[in-house]
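# Geometric and topological summary
Each chain, written out:
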Amino acid sequence: MSEGFKPVKLYEENLRLKITKGSMDGRKLRELRKNALKDMKFWEEQANSLTWFKGWNNILEWNPPFARWFVDGLINASYNILDKHMETNVKNKIAILWEGENEERRKLTYNDLYIQVNKFANGLKKLGIGKGDRITIYLPMIPELPIAMLASARLGAIHSIIFSGFSAQSIADRINNSQSKVVITADGGYRRGKVIKLKEIVDDAIRSCDSIKNVITFNRTNIDTPINSIDKKWDDIVNNADDYCEPENVESNHPLFILYTSGTTGKPKGVVHGTGGYLTYAYSTTKWIFDIKPNDVYWCTADIGWVTGHTYIVYGPMLHGATTIMYEGAPDYPKVDRFWSIIEKYKVSILYTTPTALRMFMRFGNQYPESHDLSSLRLLGTVGEPINPKVWQWYYKIIGNERCPIVDTWWQTETGAAMISGVPGIELVPMKPGSATFPMPGIDAVIFDEEGKEVPPNTKGYLAIRKPWPGMLLTLWNDDEKYRQVYWSRFPNMYYPGDYALIDDDGYLWLLGRADDVLKVAGHRIGTAELESALVSHESVAEAAVGSKPHDIKGESIIAFLVLREGYTSNEELKNVIVDHMRNVVGPIATPEEIYFVNKLPKTRSGKIMRRLLRAVVNESPIGDITTMEDSTAIDEVKKAYDDLKKTIR
Ligand code: ATP
Ligand code: MG
């Protein structure tokens, strides 16, 4: 049966809509992409934007699946982000505009950062930390987080940042995997007006971690914390340290950091990134995607605990000497307009956020963004999940006032930086709501069928990357075999991200959901994003997640979990309306067999829907690793909705 992409009626109108305002014809971008793929010199030119202590002998050594970029080149990340700017007028420019959840404010110039990073690096050195040692960082969104990262990089140590919402067990697992010597934390962090006692969580975690020699605690909230023999105070470390720390010259492929994936599809993986290749790719993609100008105020709303924060709050923008916003707290606290008030207050010009946040704001209503002056915005970005066309339109109209291009950036912890995205820094091409547009220059993306044969345009299949790129992971920490098996065995010697996608007639790439989650209904393969976007296009639906159940005739039947928008009540009548809507906008095969209304969907702490849990509930199978789940009551709700419905059926 046909695998063709045949969305119909309204769905098609939404998806195929081209927004061409102010756009050019794409010739320049096409040319650059063509040349970049032809010649490795392209990556050499990119790497030349950074400062190297010694040049490389080889641009790439490729022993599949292991790539080494800019071999024998010597570099230091913190030198490129700090020392380099000390010679220009970026020195006194603001690097970080920080706002605490309690509206406290701090401003740090690049010079301030330089001083703090040097001192803190010297402090770490005194504790015996040096090249190759692992440092675990468990800090809230405060300036000390990038300071600790850059101090680690200065010494050639390897940072492993853990999002500060994780439990003691998750911290212990990551410390034991990476064998960190030090943990850097804070006494507490603010979340929705409450203090989360981070240091206590760390103490609890390290009871089972023999590798830890010291715990460094920053005083953020002034709460009492127990002091143990291995504890050091951040302030003591910095106050007693010398002002200058020589940056370690590391070989380009020396690991800069380990970062664990979000855990959406299973147990998190310890992704390892190198230095020279990663920085090159972070630098170039930041320039192409965000095109940051000297006066821009840039805000990436991610937490630095995720890869988005690593690459697009710290490494990428700071290599460019950008002014970035750092916000400590919850996006809807104390009021649901917190984001919009920050944009107005700091005159943010570039906003980079997630579909999950946008769906939440949409659900609250337009009155909140509309009561703020958002006219400083000039560019909008999204990352993390496919953006539903309906949500894209809202972002474009209500937040961007139809003036701001949207860059939909597809990438992964493993890819280091964005792989598929609009690139206003090169050329703005017409946008299609819901499509991430084109692969980055130098990225050889292709869609394969089950057997690894390239599919024609408009045919769904599995995304793969044919050539290595500088931002790619080096390996999984201490697990080369798993690295090979997870990413390089599906299609031999090609990188397999595990996402389902298609390329349309115009060459635009559409991400259709996770390969693991693809449904097979009546001979058709359907990506979750296709159905969820159609569900969200109904006026009553704020969020949707689909799963499936085995079905005697169809193979699989579609199960939908829905969160309604404010003002709608869940009942049988609405279910029927939604079923009709799906029949009309996608077609009869998209008819959900069962619909469950819930107040929240199970998500990772990075905000991604965990569809594998829905599948497990409806198939009554084990739910697997849930250590990265944000709110465990969400899965209880899903179970309850499922049990309630089952009772009515029996
Ligand atoms: P795990 O690998 O542990 O299951 P994860 O894949 O969610 O977790 P991340 O590296 O944080 O971990 O997320 C990468 C994934 O996020 C991509 O593979 C893709 O499925 C999804 N994604 C990210 N950005 C986009 C986007 N712009 N459009 C569609 N999907 C996206
Ligand atoms: Mg993944």
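Before reading on, note that the structure itself is shown above.
Residues numbered from 1 in each chain as written. Chains lettered and ligands numbered in written order. Predicted model: local features only at pLDDT ≥ 70, side-chain atom pairs only at ≥ 80, totals over all residues. Heavy atoms only, no water.

In terms of regular secondary structure, the chain is built from 20 helices and 30 strands. Counting only C-alpha atoms, the chain reaches 70 × 55 × 50 Å along its principal axes. Here the chain holds 650 residues, and 63% of them are scored as buried. Summed over its atoms, the accessible surface of the chain is roughly 24,400 Å², and 48% of this surface lies on carbon and sulfur atoms. With 80 positive and 82 negative side-chain charges, the chain shows a spacing of 1 Å between the two charge centroids. (Helix = DSSP H or I, 4+ residues; strand = E, 2+ residues; numbered from the N terminus. Buried < 20%, exposed > 50% of the residue type's maximum accessible area, 1.4 Å probe, protein only. Areas by Shrake-Rupley, 256 points an atom, 1.4 Å probe, with all protein chains shown as cover. Lys, Arg positive; Asp, Glu negative; His and termini not counted. Charge placed at Lys NZ, Arg CZ, Asp CG, Glu CD.)

This part takes up the pattern of salt bridges. Tallied over the full model, the rule gives 36 salt bridges. Asp504 serves as the salt-bridge partner of Lys432, at 2.8 Å between the closest nitrogen and oxygen. Residue Lys432 is located in the loop between β20 (406-409) and β21 (445-448), and its partner Asp504 is located in the loop between β24 (499-503) and β25 (509-514); the two are separated by 72 residues in the primary sequence. In this pair, the class of Lys432 matches that of Asp504, namely buried. Among the ionic contacts, a cluster of salt bridges with common partners joins Glu99, Glu103, Arg338 and Lys345. (Salt bridge = Lys/Arg side-chain N within 4 Å of Asp/Glu carboxyl O.)

A few words on the environment of Phe491. With respect to the secondary-structure elements, Phe491 resides in the loop between α16 (480-488) and β24. Phe491 gets classed as buried once you look at its relative accessible area, which sits at 3%. If near-sequence neighbours (up to four positions away) are discounted, Phe491 is found in contact with Phe448, Asp449, Glu450, Gly452, Tyr462, Ala464 and Tyr496. (Contact = heavy atoms within 4.5 Å.)

Turning our attention to the nonpolar core. If you look at the biggest cluster of nonpolar residues, it comprises 145 residues, and the most contacted ones within it are Phe120, Ile184, Phe290 and Tyr315. Setting aside residues up to four positions removed in sequence, Phe120 forms contacts with Ile147, Ala148, Ala151, Ile184, Ile216, Trp234, Ile237 and Val238. In this structure, Ile325, Trp340, Ile406 and Phe597 belong to the second largest nonpolar core, which totals 52 residues. (Core = buried A, V, L, I, M, F, W, Y, C linked by side-chain atoms within 4.5 Å.)

Before going further, it helps to spend a moment on unusual backbone geometry. The step from Pro64 to Pro65 runs through a cis peptide bond, and the omega angle for that step is 0 degrees. On the secondary structure map, Pro65 appears in the loop between β1 (58-63) and β2 (66-71). A cis geometry characterises the amide bond from Tyr333 onward to Pro334, with omega recorded as -5 degrees. Phi at Asn493 is positive, roughly 60 degrees, even though this residue is not glycine. The residue Asn493 is located in the loop between α16 and β24 in this model.

Counted residue by residue, helix α13 (residues 355-364) has seven buried out of ten residues, so it is predominantly covered. Buried within α13 we find Pro355, Thr356, Ala357, Leu358, Arg359, Phe361 and Met362. One or two residues past the end of α13 sits Gly365, with phi positive at roughly 115 degrees.

What the seven strands build is an open sheet, ordered β5-β4-β17-β16-β18-β19-β20; its pairing is mixed. If you trace the sheet from one side to the other, it starts and ends with β5 (105-109) and β20, each paired once. Taken pair by pair, the neighbouring strands of this sheet meet at an average axis angle of 20 degrees, ignoring direction. In the sheet, strand β19 (residues 379-383) pairs with β20 via four bridges, with the strands oriented parallel. Residue pairing for β20: Val383 is matched across the bridge by Thr409. Packed onto the sheet, helix α12 (residues 338-346) meets β4 (94-99), β5, β16 (297-300), β17 (323-327) and β18 (350-353) and runs at close to 140 degrees relative to β4. (Pairing = 2+ DSSP bridges. Axes fitted to C-alpha atoms, helices over the stretch in contact; angles between N-to-C directions.)

Taken by themselves, the reported measurements are silent on function.
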